[in-house]
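Working through the structure, step by step
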Amino acid sequence: MVRRKRCPGCGEELILHPKGKGSKHCEGIDPPSERVKDPPPPHGQEKDNVEDSPEGTEPPSHGSATAELEKKKEALLEQLAKVKLEREVAALEDELKQAQAAMAARATITGKPLQGQQDKMVLGEGDITLQQLRENAVLQHAVDTKYALPGAGKKKKDEGKPLSPEAFVYNLDSSEPKKYDELSLGEFMSGCMALLRSENLPRSELLGRLSVLQYCFDRLARYKWAHVRTFHAAAVSEAMSVPGVWSDWAHLKEMFFDGNKDNLKPADSGDGGTSTQTAPRICWSFNKNSCFLSTCRFDHCCRFCWESKSMKYKHAEADCERKRRETKQTRVQTADSTA
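Residues numbered from 1 in each chain as written. Predicted model: local features only at pLDDT ≥ 70, side-chain atom pairs only at ≥ 80, totals over all residues. Heavy atoms only, no water.

Moving on: the packing of aromatic side chains. Enumeration over the complete set of coordinates arrives at nine aromatic pairs. A centroid spacing of 6.4 Å and a plane angle of 75° characterise the contact between Tyr180 and Phe188, whose relative ring orientation is edge-to-face. Of the two residues, Tyr180 and Phe188, neither departs from the other in class, the shared state being buried. Ring geometry for Phe231 versus Phe257: centroids 4.8 Å apart, planes at 65°, classification edge-to-face. Residue Phe231 is located in helix H8 (residues 225-239), and its partner Phe257 is located in the loop between helix H9 (252-256) and helix H10 (284-287); the two are separated by 26 residues in the primary sequence. Neither Phe231 nor Phe257 differs from the other in exposure class; each is buried. Following the ring pairs from residue to residue traces out a cluster consisting of Tyr215, Tyr223, Phe231, Trp249, Phe256 and Phe257. (Phe/Tyr/Trp six-rings, centres within 6.5 Å; stacked < 30°, edge-to-face > 60°. Buried < 20%, exposed > 50% of the residue type's maximum accessible area, 1.4 Å probe, protein only. Helix = DSSP H or I, 4+ residues; strand = E, 2+ residues; numbered from the N terminus.)

A word on the confidence of the model for the chain. Per-residue pLDDT for the chain averages 76, and the proportion of residues at 70 or more is 75%. Across residues 116-120, where pLDDT falls below 50, the model places one contact with residues more than four positions away in sequence or in other chains. The model gives residues 150-158 a pLDDT under 50, and that stretch makes three contacts with residues more than four places away or in other chains. (pLDDT = per-residue confidence, 0-100. Contact = heavy atoms within 4.5 Å.)

Here we take up unusual backbone geometry. Excluding glycine, residues mostly have negative phi values, and the peptide bonds linking residues are mostly trans. Phi is positive for Asn289, which is not a glycine, with a value near 60°. Along the chain, Asn289 falls in the loop between H10 and helix H11 (303-309). Using a relative accessible area of 39% as the deciding quantity, one classes Asn289 as partly exposed.

Here it is, written out as structure tokens:
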């Protein structure tokens with residue numbers, strides 16, 4: 001139960017007393033009907049007092065605040081609609097300009113001016129329209145010959161052929177496109193780099209071309225550039241013999257890089273030259289396909305290739321294609337001589 005303070009004079013609750021009355025001299029509180037109310041202000045002064053005192057100003061009502069917000073909302077909506085309308089007008093003006101430019105370009109191609117533009121198109125003595133150029137076969141041939149692009153007019157002929165470095169090299173000395181057999185080492189590198197950056201090049205072909213390039217530049221230290229370039233063309237053609245599949249081209253290595261002195265760089269060229277190889281200790285069992293030791297102390301290389309070409313190839317003599325080919329040629333020559 002809450003205890004309330006009481007007046008020391010009358011014993012009633014202190015909260016019921018007017019301010020300043022609750023003391024020991026209090027004789028009691030008046031009943032509610034006998035309490036003296038504040039007299040009303042004189043006539044004519046009530047309005048003035050209310051206007052003079054700051055406490056008498058009444059706060060704005062809820063209805064007036066809502067009305068002001070509604071007005072502000074309408075003003076903002078009107079501004080937003082105006083901005084949207086300006087954007088739509090600007091977009092329509094841009095579209096109109098583009099349409100006019102397209103119509104003007106079409107009129108230039110056809111050679112016929114648009115309606116209302118006959119006075120603006122004035123041709124000089126040496127000017128001709130595209131339609132007149134198309135009708136003049138001699139002039140059209142002269143223009144195509146002088147301003148032909150590299151590889152222009154050969155799309156149907158070259159369609160289906162594998163990509164080649166010369167297609168990405170421009171000929172600055174002539175209007176004719178570059179030929180593969182005329183590519184220098186720098187032009188070959190430039191064309192190969194552009195070829196490898198092609199967007200539609202499959203990943204398998206990209207990796208295959210990189211492996212061929214790596215092997216070519218490894219052989220370039222010993223063999224002439226023209227011979228290495230020929231090998232590159234043969235390896236790519238062999239690898240792409242089946243469309244969509246990068247085939248094996250390793251068997252071409254022995255055919256091209258067999259140590260032929262005509263294809264080797266001279267010893268004093270300063271950029272490679274021949275290298276002296278030590279004589280191997282040939283494993284006879286390996287050449288007969290009968291040695292399977294992984295730690296054999298003899299060299300596993302073809303005896304025939306070493307004795308005829310001084311080249312160490314990792315195949316057995318029994319499987320040597322060079323020996324079979326030369327043996328067959330020897331038999332044919334012997335048969336012809338005896339006949």
